[in-house]
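Fold and contact review
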Amino acid sequence: MDRMPSWIRQHLAALRALLVLTVVTGVIYPLAATGVAQALFNDHANGSIIEQDGKAVGSSLIGQSFTDAGGNPVRKYFQSRPSAAGDGYDPTSTSASNLGPEDVIDTLPVPGAKDEEGNPDEGKQSLLTQVCARSKTAGELEGVSGARPYCTADGVGAVLKVFPGRAVSVNQACPATPFIPTYQGLKVECAQPGEDYAAGRTVPVRGDVRTVQVPADAVTASGSGLDPHISVAYAELQAPRVAKERGLPLDRVRTLIGEHTTGRALGFMGEPAVNVLELNLALDRG
């Protein structure tokens, strides 16, 4: 060994270090962590699977949709918050939308146009319009106002592009009626799909909404897109609908909400939240 060139000795030392670290970090540590998890936290380590009638129906850690084949909410169930993970609550595509508060202008679909894959052009909704549309839908479902600041009555972002001598409601495609007729003396026009309005000044219009009845978690996705919880406020908003659809006393439904509400983490972090899957299963059990 002493007669080996120094570069060979260095490579052998590096190889030994690689093998030792591979065994320690790639075999011993994972087996130890798995063993401790299985012994002390068996339920969490195996995905916190919830079973009903002997069948796995979901995980208490991952949300899911309660909709029919057409994507419409099933009225007898509490609805989860929106998800941006894949087609919804996909653990392999966990993510947020990555859209920020300045994302307020839609890309309107152009009639007859096709996208890069040859499919009909569907355009792209801004984050603001997504929030407005979700709020309108939730309001209609729960029988309350879905109005929000910076949203039009038809559920898109209330945003103008202002030019010298004209103003355009850029999220309302013609022949829609603009949400306001004039702005600072300029007549407001509907938007022509495909027209470039980038040169205009962007003006979000707050409107006169003073009270918002649809909670924020009903219109925004969580950072992971997998959140299984909703706020207590959103659960309370849905309670009258669920009680009516199931023929249950409203107080009974509210009691179940309380039973499936978790407190703040460590007693002071975050807000109380309601696990939607567990609540809906409790309702099914009667």
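Here, the structure is the one placed above.
Residues numbered from 1 in each chain as written. Predicted model: local features only at pLDDT ≥ 70, side-chain atom pairs only at ≥ 80, totals over all residues. Heavy atoms only, no water.

Helix and strand counts for the chain come out as six helices and 10 strands. What you see for the chain is a C-alpha radius of gyration of 26 Å, clearly larger than the 19 Å of a compact globule of 286 residues, by over 25%. Overall size of the chain, expressed as C-alpha extent along the three principal axes, is 90 × 65 × 40 Å. With 286 residues in all, the chain has 34% of them scored as buried. By sequence separation, contacts in the chain at least 24 residues apart represent 54% of the contacts at least 6 residues apart. Accessible surface, the chain: about 17000 Å² in total, of which carbon and sulfur atoms supply 56%. Averaging the positions of the 25 positive and the 31 negative side-chain charges in the chain gives two centres separated by 3 Å. (Helix = DSSP H or I, 4+ residues; strand = E, 2+ residues; numbered from the N terminus. Rg over C-alpha atoms; globule rule 2.2 N^0.38 Å. Buried < 20%, exposed > 50% of the residue type's maximum accessible area, 1.4 Å probe, protein only. Contact = heavy atoms within 4.5 Å. Areas by Shrake-Rupley, 256 points an atom, 1.4 Å probe, with all protein chains shown as cover. Lys, Arg positive; Asp, Glu negative; His and termini not counted. Charge placed at Lys NZ, Arg CZ, Asp CG, Glu CD.)

Once that is clear, we can look at the pairing of strand S2 (residues 55–59). The pairing of strand S1 (residues 49–52) with S2 spans four bridges and is classified as antiparallel. Among the inter-strand pairings, Ile50 is bridged to a residue of S2, identified as Gly58. Where S1 folds back on S2, the antiparallel hairpin that results is connected by two residues, among which Asp53 adopts a positive phi of roughly 55°. (Pairing = 2+ DSSP bridges.)

There is a patch of nonpolar side chains on the surface, built from Val20, Val23, Val24, Val27, Ile28 and Leu31 and spanning about 520 Å² of accessible area. One can find Val24 in helix H1 (residues 6–40). Residue classification places Val24 among the partly exposed positions, given a relative accessible area of 39%. (Patch = residues over 30% accessible without salt bridge, like charges linked within 9 Å, V, L, I, M, F, W, Y side chains within 5 Å. Salt bridge = Lys/Arg side-chain N within 4 Å of Asp/Glu carboxyl O.)

Another point: the packing of helix H4 (residues 232–246) against helix H5 (residues 250–259). At their nearest, the axes of H4 and H5 sit 9 Å apart, and the two run at 140° to each other. By the angle between their directions, the pair H4 and H5 is classed as oblique. For H4 against H5, the interelement crossing comes out right-handed. When H4 is examined against H5, the residues Ala235, Glu236, Ala239, Pro240 and Ala243 are found in contact with a partner set consisting of Leu250, Val253, Arg254 and Ile257. Looking at the contact of H4 with H5 residue by residue, the classes come out as seven nonpolar, no polar and two charged. (Axes fitted to C-alpha atoms, helices over the stretch in contact; angles between N-to-C directions. Parallel < 35°, antiparallel > 145°, perpendicular 65-115°, else oblique. Left-handed = near helix turned anticlockwise from the far one by under 90°. Nonpolar A, V, L, I, M, F, W, Y, C, P; charged D, E, K, R; others polar.)

Attention shifts here to the nonpolar core. Core analysis: the biggest nonpolar cluster contains 27 residues, and Phe78, Val253 and Ile257 have the highest contact counts within it. Listed by contribution, the elements that provide at least two residues to this core are helix H3 (127–142), H4, H5 and helix H6 (276–285). Formed by 11 residues, the second largest nonpolar core is a distinct cluster that contains Val104, Cys132, Val159 and Phe163. (Core = buried A, V, L, I, M, F, W, Y, C linked by side-chain atoms within 4.5 Å.)

This part covers the layout of surface pockets. Taken as a whole, the largest pocket encloses approximately 680 Å³ of empty space. Lining the largest pocket are 25 residues, and of these Thr67, Ser80, Arg81, Pro82 and Arg134 sit closest to its centre. Residue composition of the lining of the largest pocket, by class: 10 nonpolar, 11 polar and four charged. Looking at the second largest pocket, its volume works out to about 190 Å³. Lining the second largest pocket are 13 residues, with Ile105, Asp106, Thr107, Glu195 and Tyr197 positioned closest to its centre. By residue class, the composition of the lining of the second largest pocket is six nonpolar, three polar and four charged. (1 Å grid on protein atoms, 1.4 Å probe; cavity = no way out; pocket = protein on both sides within 12 Å on 5 of 7 lines; lining within 4 Å. Points joined across faces, edges and corners; volume = space filled by probe spheres on them.)

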